[in-house]
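Structure assessment
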Amino acid sequence: MCRLRRISLVVIGLSALLLALIWLLLSSALFRDARIAAASGFLTDLLGQTVAIEGDVRLLFAPRLAVVATDLRLPAQDFPDLDLAKLDFSRFSISPRHLLSGGIHLPEIEARGLDVLLLRGEDGSTTWVEAGRNVTKDSSDVSLSGQPDIIAFLGEREIAFEDMRVHAENRLTGFEFDFDLESLAIDQVVSGEAVTAQVRSGGTINGRPIAFSGDFPNGAPFAARGHMGALTFAVEGQRPPAAPRGDFDGRLSLQTPDLQDLLDLLRLDGEIKGGAEAKAAVTRRSRHIDLDEIDLRARGEGGATVRLTGRFADVRSARDFDLSLLVDLVGDKTPLPPAIFLKDMRVETAEIRVLARGGDIEVDRFALRTNAFDEEIRDIGPFRVATVTRSEDGQLKLDGVTLSIGPRDAPYLLARGSIGNLLTFGDYRLSGELDLPADRVLLTLRPEDAARFGRLTGQMRLLESNGEPNLQLFELRSQDTDLWSAEFQVESADLEDLDRLTLRASIQTRDGRSLLEALRLEPVDIGRMGYDVTATRQANHVDTRAVLTAGQSVIETGMSLRIPGSGPVLRGTIRSDDVRIEDVRSTILALIQLARVKSVYIDSRTDALAGPDDGFQPLVLPSESEAGPPEEDLSEFQPLVLPQPDLAPDTPEDLSDFQPLVLSDGPADLAIADILDPEQFARLIDAEIDIDIARIRGQAGLSRLKSQAEMKSGKLRLGPVRLAYGKGFVDMTATMDAIGAPHRLRVTGRTDGWDFGEILMAGGVDLGAGGTINGRFDLTGRNASAEAFLRSMSGKATIDMTNGHISTGLIELAGLGVLPWLFSQERQRGYADIVCLKADLDIANGRIETRQSVLETRRVQLVGSGTIDVRNDRILFSAEPRPVAQPLSRSAWPFVVSGSLRSPKISVAQRKSRRALVPLAIPDARKPCVPDISQLQQMDGPDTARPR
């Protein structure tokens, strides 16, 4: 018994000594350095980050085995002067069971006074170590790759953090987040065999309140919710069977009534009013988060809506996503009225589908609708962004932006640049190279002809400065072709208002015939063709200079457009030192052919789609005998235009559909409809253009053209135009009411100096005539073509001639009779003097009528009347020659001209009975070239003879 007592006392004494030694080791200041070194090494291995303990380390046995450390410091990995974290107090509980089996497990972690600095430098350096070591066999502590999985690590421990501050800063992106958490607690709640991790946290982020709570049962569905400022969020899901802790499948929902609060939370500069909500399916695998079934809807204060749908794989890398964005800037508001002015154009909706594959971003579809036009653009991408950053002044920036448009292997545009403010799409800089086949611009080229027209290459530089889009340079030039050469260059310091703009363009071809043949048009022998133009705009002034080259002719134009408050004012000149009529004709023919290029292309594509003719005839047409009456020819049909009803003098004018005329001082304020519709544009423009062709070749006698074109208040006037042919000339003025009667042209003027004999010679009549013809005219007709004008013209014209002669005695023979003519002086001389010729013409719808046209020699007066119907190609003209001053004598040989204008027939008319027994002579006061019968009828007195 005593022996047993002695043994017990020895054991107790040894145990006390051992405990005293352990206490001395773990608590005594004598062994402080050893304790700190051991604890520091353990925590370094656990966290994969160097841990320095500047306070003390103690071991506690109650209430649970734990290690307490104070004043911990984690030096920053790549920043010697900074610390990753500082911790005033920490307590780590140790599981004795894991300790006895050779492992270390920390079921409880408590910390107070924690300051964390998560900093990534501009060179990619960080305050933390990117990867850790596997320091335990417990797979719940570390991932299979050795990198700690924070969700898995915290999910099975009880955590109690108080007074926790985290500053996260990424100097690569510029984003900063300051977390000030009053508490972060994770409690492991046991209910039977179920263990639930309950998470609670509260504090602020960037000054906005933040709270989070969630229940995460082991092996059962979980739910979490919280808010950051005005943004609320919720996640519900479940860990798949046999999946590691931290992996889950769930649903995410977010909602905020104030998007501005979200911008402020992110410390982004911008102004946005409205709310948003979003839903998505969330999948987490091996720390990769995928979003699917994304449906984000945002609504602005004014009713504008934004909807984003699609999927986003691996959110951190952004290398694989498919997103569709629909922006409706009208929403439930009243639809925007059609844009009246350029500056009034607004985007109504935009629909964009963006794809990312392997880091390359492509715009699969971009459909834009405005209140002026609709447009769909394709083949945009790939699109790459190197970095997304926040600037010091709170702007969201995109750097290292690359964009290509066109096929992947041969893009038409390859651009690089940056966007300084993504939220407002401002402060951007973009430069790129262009290289595209000519058929991308000349859309009507056939595939087999495209290579002959070569390529267009160039460059562009676009930037925004002080809110103004600046097109520093955009240029294109042709290459790899000998058919044509083209250069195009545009610069504008304010692209939105087209201000401080310079445009240069040049299109040339050495052989116009070859160019037309390559376009599958009818060839025209024109030789060299070219057009060079330079246009500049400063404020409300636009100046253009252009040179048109055709064959051997060169025409220069200069225009100056001012846009004051009263409307556009255009002044200009068209001049040339030398113009060939043949070049003008060929140019017109070439332009007519070029105008057909679209229809020729459509016809060719239609024929190609129709395929070969296999003889199949699905439509059975009636035979000629069964065919009905021929279709009515409506080529000359004129639509019926009813006049507006006359209003009573006191009836007010209906102005319900009146659109006010709004003028300003810039092209952006010009009405779009007015620009596209010449008739509407005519309401505004005040134009005067001087025309001076110094020399005209190719037409006998035509030497010069000098005139002026004018447009004011919708009234167009061209003239006076003076055309000279030898000694003859025409002075005429053409006018048109572009508003009231845009399809009608009025031509007025006079002509003089025309040789009567040359006119007859031109008509195939060689009578050796002479004399000078002059005339006046006032005609109105349709301006569709010269033929249309002739067929529809109405008005009046007069023709006069004096002091002429004609080498024939037929007029005397017809007026005097055979015997008087045989002994006449005119027969003996072989010609007759023409005292005068006068014809008054009344014209209506292409029908020319004259009632008393007079040709008078010294002895015979010929009076004629009749009609010339241009529309129906008919003439009916009768004439009666009589001795001068004897209107009551019988005409010896009256004649009639009738039939087609192309081949008229001349026949002798039936003689009428005498008008009086004795021909009555008119007194000496008679007037030449006035029908004698008219003068006789105006005389009063007893000597006037009365016809029987």
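Residues numbered from 1 in each chain as written. Predicted model: local features only at pLDDT ≥ 70, side-chain atom pairs only at ≥ 80, totals over all residues. Heavy atoms only, no water.

The protein chain goes by AsmA-like C-terminal region-containing protein in an unreviewed UniProt entry, where it is assigned to Sedimentitalea xiamensis.

Overview of unusual backbone geometry
What counts is decided by this rule: Helix numbering and strand numbering both begin at the N terminus, where a helix is a DSSP run of H or I of at least 4 residues and a strand a DSSP run of E of at least 2. Each residue is assigned to one of three classes by its accessible area relative to the maximum for its type, calculated with a 1.4 Å probe on protein chains only: buried under 20%, partly exposed between the two thresholds, exposed over 50%.
In this model, Glu293 sits at a positive phi of 55°, which is unusual for a non-glycine residue. Here Glu293 is to be found in strand E14 (residues 288–300). Its identity as a non-glycine residue notwithstanding, Asn845 has a phi of 50°, on the positive side. Among the structural elements, Asn845 can be located in the loop between strand E42 (832–844) and strand E43 (847–857). Accessibility expressed as a relative area gives 48% for Asn845, which makes it partly exposed.

Topic: the pattern of salt bridges
Rules: For salt bridges, the criterion is a side-chain nitrogen of Lys or Arg within 4 Å of an Asp or Glu carboxyl oxygen.
Counted under the stated rule, the structure contains 43 salt bridges. With a shortest N-O distance of 2.6 Å, Glu582 and Arg585 are connected by a salt bridge. Pair noted here: Glu582 and Arg585 are both in helix H7 (residues 581–595), with a separation of 3 residues, about one helical turn. The exposure class assigned to Arg585 is partly exposed, which follows from its relative accessible area of 43%. Arg882 serves as the salt-bridge partner of Glu880, at 2.7 Å between the closest nitrogen and oxygen. Each member of the salt-bridge network shares a partner with another, and the members are Lys796, Asp842, Arg847, Glu849 and Arg851.

A look at the nonpolar core
Rules: Each nonpolar core is a collection of buried residues, namely Ala, Val, Leu, Ile, Met, Phe, Trp, Tyr and Cys, held together in the definition by side-chain atoms within 4.5 Å. Contact criterion: two residues are considered in contact whenever any of their non-hydrogen atoms come within 4.5 Å of each other.
Ranked by size, the top nonpolar core spans 34 residues in total, and within it Ile53, Leu72 and Phe161 carry the most contacts. Broken down by secondary-structure element, the contributors of at least two residues to this core are helix H2 (32–47), strand E2 (57–60), strand E3 (66–75), strand E4 (83–93), strand E5 (108–120), strand E6 (158–170), strand E7 (175–191) and strand E8 (194–205). The residues touching Ile53, leaving out its near neighbours within four places in the chain, are Ile36, Ala39, Ser40, Ala69, Thr70, Asp71 and Leu72. In terms of nonpolar packing, the next biggest core, distinct from the first, is built from 33 residues, Leu456, Leu471, Ala486 and Val600 among them.

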